[in-house]
Amino acid sequence: MAEPIDLSGAHRELDQLKRQLCHCQLRGECLGCKGIEMIRQQLEAVVAAASQPVLLQVAQEAAAKDMFSQFTHMQERLMDDPQIRKAAEAFQERLLEDPEARRMIEELMKRLGQEGEEDSSSLQ
């Protein structure tokens, strides 16, 4: 069994971004609060799925695709707001300035690229 993943840094950054985007005094009613909570749920789902054996990962793929579709729709709605877009860009810059976060993102992207290559080679 893999060691538990510490998400406290990611949660801390999401909380800070939520405070910047919120228009409802953190009652969870505005699009900013709801969007951040959706991202938090997706982060936790990805970590939980990545920690599962392969068969469980496959079983969760359909739910992940549905969640991705919902996330894409929410992202499109959020990015239509100039204030939210500016805050998201600032969050991305801060995230990429952190060497550990940058390393984790690069590792994730490398893994996703390898999985994509494996998926396409199995189709041939």
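Here the structure is a predicted model, which is why all the values come from computation and not from measurement. (Residues numbered from 1 in each chain as written. Predicted model: local features only at pLDDT ≥ 70, side-chain atom pairs only at ≥ 80, totals over all residues. Heavy atoms only, no water.)

Participant: I'd like a description of the packing of helix 1 (residues 8-21) against helix 4 (residues 82-97), backed by residues and values.
Facilitator: Geometry of a packed helix pair, given as the angle between the helix axes and the separation of the axes. Helix 4 packs onto helix 1 with a crossing angle of 155° between their chain directions and a minimal axis gap of 10 Å. Taken together, the axes of helix 1 and helix 4 are roughly antiparallel relative to one another. In terms of crossing hand, the pair formed by helix 1 and helix 4 is right-handed. Within the contact between the two elements, helix 1 uses Glu13, Gln16, Leu17, Gln20 and Leu21 and helix 4 uses Ile84, Ala87, Phe91 and Arg94. Looking at the contact of helix 1 with helix 4 residue by residue, the classes come out as five nonpolar, two polar and two charged. (Axes fitted to C-alpha atoms, helices over the stretch in contact; angles between N-to-C directions. Helix = DSSP H or I, 4+ residues; strand = E, 2+ residues; numbered from the N terminus. Parallel < 35°, antiparallel > 145°, perpendicular 65-115°, else oblique. Left-handed = near helix turned anticlockwise from the far one by under 90°. Contact = heavy atoms within 4.5 Å. Nonpolar A, V, L, I, M, F, W, Y, C, P; charged D, E, K, R; others polar.)

Participant: Tell me what's going on with a nonpolar patch on the surface, and back it up with residues and numbers.
Facilitator: Taken together, the side chains of Leu96, Ile105, Leu108, Met109 and Leu112 define a hydrophobic patch exposed on the protein surface, amounting to about 410 Å² of accessible area. Top contributing element to the nonpolar patch by residue count: helix 5 (residues 99-123), with four residues. (Patch = residues over 30% accessible without salt bridge, like charges linked within 9 Å, V, L, I, M, F, W, Y side chains within 5 Å. Areas by Shrake-Rupley, 256 points an atom, 1.4 Å probe, with all protein chains shown as cover. Salt bridge = Lys/Arg side-chain N within 4 Å of Asp/Glu carboxyl O.)

Participant: Can you explain the nonpolar core? Please cite residues and give values.
Facilitator: Judged by nonpolar contacts, Leu14, Leu17, Leu21, Ile36, Met38, Met74, Leu78, Ile84, Ala87 and Phe91 together constitute the single largest core of 10 residues. Setting aside anything within four residues of it in sequence, one finds Leu21 in contact with Cys30, Gly32, Ile36, Ile84 and Ala87. (Core = buried A, V, L, I, M, F, W, Y, C linked by side-chain atoms within 4.5 Å. Buried < 20%, exposed > 50% of the residue type's maximum accessible area, 1.4 Å probe, protein only.)

Participant: How would you summarise the packing of helix 1 against helix 2 (residues 31-50) if you had to cite specific residues and measurements?
Facilitator: Contact geometry of helix 1 with helix 2 gives a least axis separation of 9 Å together with a crossing angle of 165°. Regarding the angle of helix 1 to helix 2, the classification is roughly antiparallel. Along this stretch, helix 1 crosses helix 2, giving a crossing that reads as right-handed. Where helix 1 abuts helix 2, its residues Ala10, His11, Leu14, Asp15, Leu17, Lys18 and Leu21 lie against Gly32, Cys33, Ile36, Glu37, Ile39, Arg40, Leu43 and Glu44. Looking at the contact of helix 1 with helix 2 residue by residue, the class counts come to eight nonpolar, two polar and five charged.

Participant: So what's going on with unusual backbone geometry? Residues and values would help.
Facilitator: Despite not being glycine, Gln25 shows a phi value in the positive range, around 60°. The backbone of Leu26 shows a phi angle near 60°, a positive value even though the residue is not glycine. Summarising the element assignment, Leu26 is placed in the loop between helix 1 and helix 2. Residue class for Leu26 comes out partly exposed when judged on its relative accessible area of 46%.

Participant: I'd like to hear about the side chain of His11, residue by residue, with values.
Facilitator: Assignment of secondary structure puts His11 in helix 1. Residue class for His11 comes out buried when judged on its relative accessible area of 18%.

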